[in-house]
Amino acid sequence: MSFVSAAFLGFLAVLLLLYYLIPGRFQWMLLLIGSLVFYTISGPKYLIFMAATILSTYGAARLIDKRFAVQDAWVKDNKGLPKEERKAYKARITRQAKWILIACLLLNLGILAVIKYTDFFLENLNGIFGTDFAMHHFILPLGISFYMFQSLGYVIDVYRRKYPAERNLAKSALFTSFFPQVIQGPISRFDDLSKTLFASHRFDPESFYFGMLRVAWGFFKKLVIADRLAPVIATLSAADQEYTGVYVVANVFFYAIQLYADFTGGIDITIGVAKMFGIDVVENFDRPYFSKDIAEYWRRWHITMGTWFKDYIFYPLSVSGWMLKLSKWSRNRLGAALGKRIPVYLATIIVWFATGIWHGAAWNFIVWGMLNCLVLLVSQELTPLYRGFHKHVGFSNTKFWDGVQILRTFWLMGFIRILDVYRDVPRTFRMVGTIFTTPNWGALSDGSFLTLGATGADLIVVAIGTVLMFCISLWKGKRPLFESVNAKPVAVRGFFLMALILIVVVFGTYGIGFDASKFIYNQF
C-alpha cells in the first residue's frame, strides 16, 4: 500500500478515528493491529519474515537481559570474593550473552542474505566458473532491510546494556512493524521511539495539524516533483547512442532532484503520520545538498542509516581485538604515520562495502559504495593540503567559496550516484565519458528536452517546485518553517494547509486510480 494512494488515505483516516476514540492504554495495541494489517496488504506471505525478526530479536534481547541480571545478582551477593574470580565470572556471562547476540545476528542477516543476495552470488558464480545454477528470483519483502536493521540495533543496544530488554512481546512487535516507517525508515532507536510509541495520547490539534502539514509537504515533493521527473529519467537512461553528453549531465541533475524529493518526501509523510498519532520519529535529513564536502553530506543524508553503520559496524570494528593487533603490527612494520591509518582505512572500506551492498545486490551499488569510500579517504588525507590552501588564499572564507564547495559536492555526489540510474558499471562510465566525446550541446536549444516524457509545462512546474523546496530548506527563522506556521493563528494555518493541498491536487502527477509510482527506497 503506497503512502500516496487513496487506499492509504482511507486506511489512515479510519485508524486515526479509532485511535482517538479508544482509551489511551489501548492505543499502542491498535497501532500494532493497524501495522500488521498494513504490512499484510503488501503480501501475507512476507509476514513470516517479519515474524522471524520479531521473535528472534525479542527472545535474544530477553535472554541477554536475563544473563546480565543473573550476573548483577551474583556480583552483589559475592562482593567478598577475590577480584579475579568475580572478573572471570563476568567474562563467562558476557561470552554467553555475546553468543546469543551472534546467533540472533546470524539468523536475521542470514535470512536477508538468502533473499537479497542469492541470485547475485549465483549469477557471478556462473559468470566466473561457467556453471549453470538456476536463479531463484526471490521477491524482497517490503522494508526488510529497514525493520531488520532497526531490530538488530535494539538487540545490540541491550547487549551493550544501554537499556533493558522490552518484556512485552507485542510492544516489541510494534517497534519492529510500526507502519509509517516500515517502508523506507528512518531506522529508529528503541530508547527514542518507545518514549512516545507506547504512551497514551490525547488529541492535540497543534500536533495533528503539524502532522498533516508534513504529510502534505511530502505529497508535494513526491507527486509534484519526483514523479513528474520519473519518465524523463527513464527515457534518458534507456538509450546509449541517442542520449549522450549534455543528456548525461541533465540525467545527473534530474536524478539528484528526483531522489531527494522522493526520499525526503517519503520521510516527511512518515514523520507527519506518526505526529498525527502523537508519536515522535527522528528526522532523517538535514539539508544535505548544502554540504561543503562529502563527509558533511553523509552526516546530513539518510542520517539514521549513517549512524547505524557507524555505531554498529565502524566503531566495533575499530576497537575489535584483531583490529587492535593489526594496528600494532602496522605501526611496528610500516611506521607510526602509515600504521595508524591502515586500521581506519580497513574499517572504512568494510563499512562502505556494507553500505553499498545494503543498497542492492548489484555491482553498481558496490562500486558506488567504494567510490564514496575513495573520495572520503582521499579528502581525509588531503586535509592538511586544503588547510594550507585556505590559509594562503584570501577568498576561502567567503560566501562565494562556500557556494563553490556546495556546488562541487552536489555534482560530485550526483556523478557517483548516477550508477544507480544506468545500473551497469561499464555503461555508466561509458555514458559519463560521452560528456567529453559527444557533448551534444545543441540539445539545449533545439527543443530536444521536450521529447523526453515531460512537456515544457511539466519542466516549469518541476523548476518552480524545486526552487520552492530549496527555499524552504534555506529558511533561517528562529524555528523551522513548518513549526513557525504551526504557531500562527488557526485561520493562517488553515489557509497554508489548504493552499498546499490544492497545489498537490492541481499539479500532482498521478497513476491509475490515484496510485503514484513506488518510492525509490522501497527497493532497499
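Residues numbered from 1 in each chain as written. Predicted model: local features only at pLDDT ≥ 70, side-chain atom pairs only at ≥ 80, totals over all residues. Heavy atoms only, no water.

### Let's talk about the overall build of the protein
Item 1. Looking only at helices and strands, one finds 23 helices and zero strands in the protein.
Item 2. Its C-alpha atoms give the protein a radius of gyration of 25 Å, within 12% of the compact-globule value 24 Å for 524 residues.
Item 3. Dimensions of the protein, computed from the C-alpha atoms along their principal axes, are close to 85 × 70 × 60 Å.
Item 4. When burial is assessed residue by residue, the protein has 50% of its 524 residues classed as buried.
Item 5. Across the protein, every contact between residues at least 6 apart in sequence was considered, and the portion connecting residues at least 24 apart equals 77%.
Item 6. Only carbon and sulfur atoms are counted for the fraction: they give 67% of the accessible area of the protein, which is about 25300 Å².
Item 7. For the protein, the separation between the mean place of its 53 positive charges and that of its 33 negative charges on side chains is 10 Å. (Helix = DSSP H or I, 4+ residues; strand = E, 2+ residues; numbered from the N terminus. Rg over C-alpha atoms; globule rule 2.2 N^0.38 Å. Buried < 20%, exposed > 50% of the residue type's maximum accessible area, 1.4 Å probe, protein only. Contact = heavy atoms within 4.5 Å. Areas by Shrake-Rupley, 256 points an atom, 1.4 Å probe, with all protein chains shown as cover. Lys, Arg positive; Asp, Glu negative; His and termini not counted. Charge placed at Lys NZ, Arg CZ, Asp CG, Glu CD.)

### Some details on the nonpolar core
Item 1. Within the largest apolar cluster, 145 residues are counted, with the highest numbers of intra-cluster contacts made by L31, F179 and F277.
Item 2. Looking at this core, the element that brings in the most residues is helix α10 (residues 246-276), giving 19 residues.
Item 3. Setting aside residues no more than four positions away along its own chain, F277 makes contact with L12, L15, L16, Y19, Y20, L31, F179 and H201. (Core = buried A, V, L, I, M, F, W, Y, C linked by side-chain atoms within 4.5 Å.)

### Thoughts on the packing of helix α9 (residues 205-238) against α10
Item 1. At a closest axis distance of 7 Å, the pairing of α9 and α10 adopts a crossing angle of 155°. As far as their axial angle goes, α10 and α9 are roughly antiparallel. In terms of crossing hand, the pair formed by α9 and α10 is left-handed.
Item 2. Here the contact of α9 with α10 is composed, by residue class, of 22 nonpolar, nine polar and six charged. (Axes fitted to C-alpha atoms, helices over the stretch in contact; angles between N-to-C directions. Parallel < 35°, antiparallel > 145°, perpendicular 65-115°, else oblique. Left-handed = near helix turned anticlockwise from the far one by under 90°. Nonpolar A, V, L, I, M, F, W, Y, C, P; charged D, E, K, R; others polar.)

### Let's talk about the layout of surface pockets
Item 1. Each pocket or cavity is described by its volume, and for the largest pocket that value is around 1000 Å³.
Item 2. In terms of lining residues, the largest pocket is bounded by 33 residues, among which D293, I294, A295, R299 and L376 are the most central.
Item 3. When contributions to the lining of the largest pocket are tallied by element, the ones reaching two or more residues are α11 (294-300), α12 (303-318), α15 (341-359), α16 (363-381), α17 (383-392) and α18 (399-417).
Item 4. Of the residues forming the lining of the largest pocket, the biggest block, eight residues, is contributed by α12.
Item 5. Class assignment of the residues belonging to the lining of the largest pocket gives a composition of 17 nonpolar, 10 polar and six charged. (1 Å grid on protein atoms, 1.4 Å probe; cavity = no way out; pocket = protein on both sides within 12 Å on 5 of 7 lines; lining within 4 Å. Points joined across faces, edges and corners; volume = space filled by probe spheres on them.)

### Concerning empty space enclosed by the protein
Item 1. The full count for this structure, using the stated rule, is two cavities of 30 Å³ or more.
Item 2. Considering only enclosed or pocket space, the second largest cavity measures out at about 50 Å³ in volume.
Item 3. Taken together, F146, Y147, Q150, F175, T176, S177, F178, Q181, V182 and P186 make up the lining of the second largest cavity.
Item 4. Mapped onto the lining of the second largest cavity, the elements with two or more residues apiece are α5 (144-159), α6 (169-177) and α7 (179-182).
Item 5. Grouping the constituent residues of the lining of the second largest cavity by class yields six nonpolar, four polar and no charged.

### Section: the packing of aromatic side chains
Item 1. Within the structure shown, the criterion is met by 58 aromatic pairs.
Item 2. Ring centres of Y154 and Y163 lie 6.2 Å apart, and the angle between their planes is 15°; on these two criteria the pair is classed as stacked.
Item 3. You can call Y154 buried: its relative accessible area is 2%.
Item 4. For the ring pair F178 and F179, a centre distance of 6.0 Å and an interplane angle of 65° mean the geometry is edge-to-face. When sorted by exposure, F178 lands in the same class as F179, which is buried. (Phe/Tyr/Trp six-rings, centres within 6.5 Å; stacked < 30°, edge-to-face > 60°.)

### Here's the deal with the packing of α9 against helix α23 (residues 490-507)
The geometry of a pair of packed helices is captured by two quantities: the angle between their axes and the separation between those axes.
Item 1. It is at 9 Å that the axes of α9 and α23 come closest, and there the two elements cross at 25°. Here α9 is positioned roughly parallel relative to α23, judged by the angle of their axes. Both α9 and α23 take part in a crossing whose hand is left-handed. Residues E206, Y209, M212, L213, A216, W217, F219, F220, L223, V224 and R228 of α9 touch α23, and the partners they reach there are R493, G494, F496, L497, L500, I501, I503, V504 and F507.
Item 2. Residues that form the contact of α9 with α23 fall into these classes: 16 nonpolar, one polar and three charged.

### A look at the side chain of N364
Item 1. Examined against the element boundaries, N364 turns out to sit in helix α16.
Item 2. The buried category is assigned to N364, whose relative accessible area is 2%.
Item 3. For N364, the contacting residues outside a window of four places in its chain are L419, D420, R423 and V425.

### Considerations on a nonpolar patch on the surface
Item 1. Together, M498, I501, L502, I503, V505, V506, F507 and Y510 line one region of the surface with nonpolar side chains, adding up to about 720 Å² of accessible area.
Item 2. For F507, the position within the fold is in helix α23. (Patch = residues over 30% accessible without salt bridge, like charges linked within 9 Å, V, L, I, M, F, W, Y side chains within 5 Å. Salt bridge = Lys/Arg side-chain N within 4 Å of Asp/Glu carboxyl O.)

### Section: helix α13 (residues 321-334)
Item 1. The end-to-end C-alpha separation of α13 is 20 Å, in line with the 20 Å expected for 14 residues at 1.5 Å each.
Item 2. All of the buried residues in α13 are M323, S327 and S330. For α13, the arc enclosing every buried residue in end-on projection is 65°, short of the 170-degree limit, so these residues lie on one face. Among the exposed residues of α13, those pointing more than 90 degrees away from its buried face are K325, K328, N332 and R333. (Expected span 1.5 Å × (residues − 1). Arc of directions from axis to C-beta.)

### Overview of unusual backbone geometry
Item 1. A cis amide bond links G185 to the next residue, P186, at an omega of 5°.
Item 2. Checked against the element boundaries, P186 lands in the loop between α7 and α8 (190-197).
Item 3. Notably, H137 is not glycine yet its phi reads approximately 55°, a positive angle.
Item 4. Residue placement: H137 occurs in the loop between α4 (83-129) and α5.

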